[in-house]
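# Structural overview
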Amino acid sequence: EGRARVGMLEDVLRLNDRPEEALPVLEANLALIRRYGSHSTASVLNAQNNVANCLYDLELHDQALVLRRKIYARWVLMFGVSHQDTIMSGTNLSVSLRSRGLWGEATTLVRDQLLPAARPLLGADHRLTLTLSQNLVGVLLGNPKRTRDDLLEGEI
């Protein structure tokens, strides 16, 4: 019951755009899950993802990137790339990579790993697949060292 209340508070703070107040609540929820939770790795990773998203909202992009790398690596280890939770985690990581100007790594992640996994698993019209396609366009067009071929690929 206590974890449920913490979760409700976390939701209220995040939905009301109050990341400064949400971060300690998210961190407390993560600690509670680790200590009293089902010890489900997925539950821990989801709670860590909430912390990473809050860090990103607070413009603590380097910290968010470090955490998102760890989360994505763990999903890949548990389920491989062709799993919806892994793809979602990879999408979050790609956003962090873009925000830090890591264009090559972001391109490789989205174009060579995530989209090829998402299309057959989720379908080309799935919201997550479309988000990845949009992310790829943003990565290709945002890269200051983009090539003509990158621009053509971004038009697709």
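Structure first, text after, so check above.
The structure reproduced in this document is the subject of the present report.

Analysis parameters
Residues numbered from 1 in each chain as written. Predicted model: local features only at pLDDT ≥ 70, side-chain atom pairs only at ≥ 80, totals over all residues. Heavy atoms only, no water. Helix = DSSP H or I, 4+ residues; strand = E, 2+ residues; numbered from the N terminus. Areas by Shrake-Rupley, 256 points an atom, 1.4 Å probe, with all protein chains shown as cover. Expected span 1.5 Å × (residues − 1). Contact = heavy atoms within 4.5 Å. Axes fitted to C-alpha atoms, helices over the stretch in contact; angles between N-to-C directions. Parallel < 35°, antiparallel > 145°, perpendicular 65-115°, else oblique. Left-handed = near helix turned anticlockwise from the far one by under 90°. Core = buried A, V, L, I, M, F, W, Y, C linked by side-chain atoms within 4.5 Å. Buried < 20%, exposed > 50% of the residue type's maximum accessible area, 1.4 Å probe, protein only. Nonpolar A, V, L, I, M, F, W, Y, C, P; charged D, E, K, R; others polar. Salt bridge = Lys/Arg side-chain N within 4 Å of Asp/Glu carboxyl O.

Once that is clear, we can look at the overall build of the chain. A tally of regular secondary structure across the chain gives eight helices and zero strands. Here the chain has roughly 8900 Å² of accessible surface; of this, 52% comes from carbon and sulfur atoms.

Our next topic: helix α3 (residues 41–57). The end-to-end C-alpha distance of α3 is 24 Å, a good match for the 24 Å that 17 residues give at a rise of 1.5 Å each. The positive-phi residue at the C-terminal boundary of α3 is Glu59, with phi of around 60°.

This part is about the environment of Leu141. Summarising the element assignment, Leu141 is placed in helix α7 (residues 127–142). For the pair formed by Leu141 and Leu151, sequence separation is ten residues and the distance between their alpha carbons is 6.3 Å. Not counting residues up to four positions away in its chain, the partners in contact with Leu141 are Arg146 and Leu151.

Moving on to the packing of α3 against helix α4 (residues 61–79). Between α3 and α4, the least distance of the axes is 8 Å, while the angle of their chain directions is 155°. As judged from the angle between their axes, α3 and α4 are roughly antiparallel. Both α3 and α4 take part in a crossing whose hand is left-handed. Packed against α3, whose contacting residues are Thr41, Ala42, Leu45, Asn46, Gln48, Asn49, Val51, Ala52, Asn53, Leu55 and Tyr56, the element α4 presents His61, Gln63, Ala64, Leu67, Arg68, Ile71, Arg74, Trp75 and Met78 at the interface.

Attention shifts here to the nonpolar core. Counting residues in each nonpolar core, the largest one holds 19 residues, and the members touching the most others are Ile87, Leu93, Leu97, Leu109, Val110, Leu114 and Leu132. Those elements that place two or more of their residues in this core are α4, α5 (84–99), α6 (103–122) and α7. Among the elements that make up this core, the one with the highest residue count is α6 (nine residues). Those residues in contact with Ile87 that lie beyond four places of it in its chain are Val81, Leu114, Ala117, Ala118, Leu121, Leu122, Leu128 and Leu132.

Moving on, we come to the packing of α4 against α5. Put simply, α4 and α5 touch, their axes get as near as 9 Å, and they point 155° apart. When the interaxial angle is binned, α4 and α5 end up roughly antiparallel. Here α4 and α5 pass one another in a crossing that is left-handed. Contact residues: α4 offers His61, Ala64, Leu65, Arg68, Arg69, Ile71, Tyr72, Trp75, Val76 and Phe79, while α5 offers Asp85, Thr86, Ser89, Gly90, Asn92, Leu93, Val95, Ser96, Leu97 and Ser99. Within the contact of α4 with α5, the residues separate by chemical class into ten nonpolar, seven polar and three charged.

Using the criterion set out here, one finds three salt bridges in the structure. With its nearest N and O atoms 2.8 Å apart, the salt bridge here joins Asp62 to Arg100. With a gap of 38 residues between them, Asp62 in helix α4 and Arg100 in the loop between α5 and α6 connect regions that are remote in the sequence. Given the relative accessible area of 48%, Asp62 is considered partly exposed. Under the relative-accessibility criterion, Arg100 is labelled partly exposed at 37%. One salt bridge connects Asp112 with Arg111, and the closest N-O pair in it is separated by 3.3 Å.

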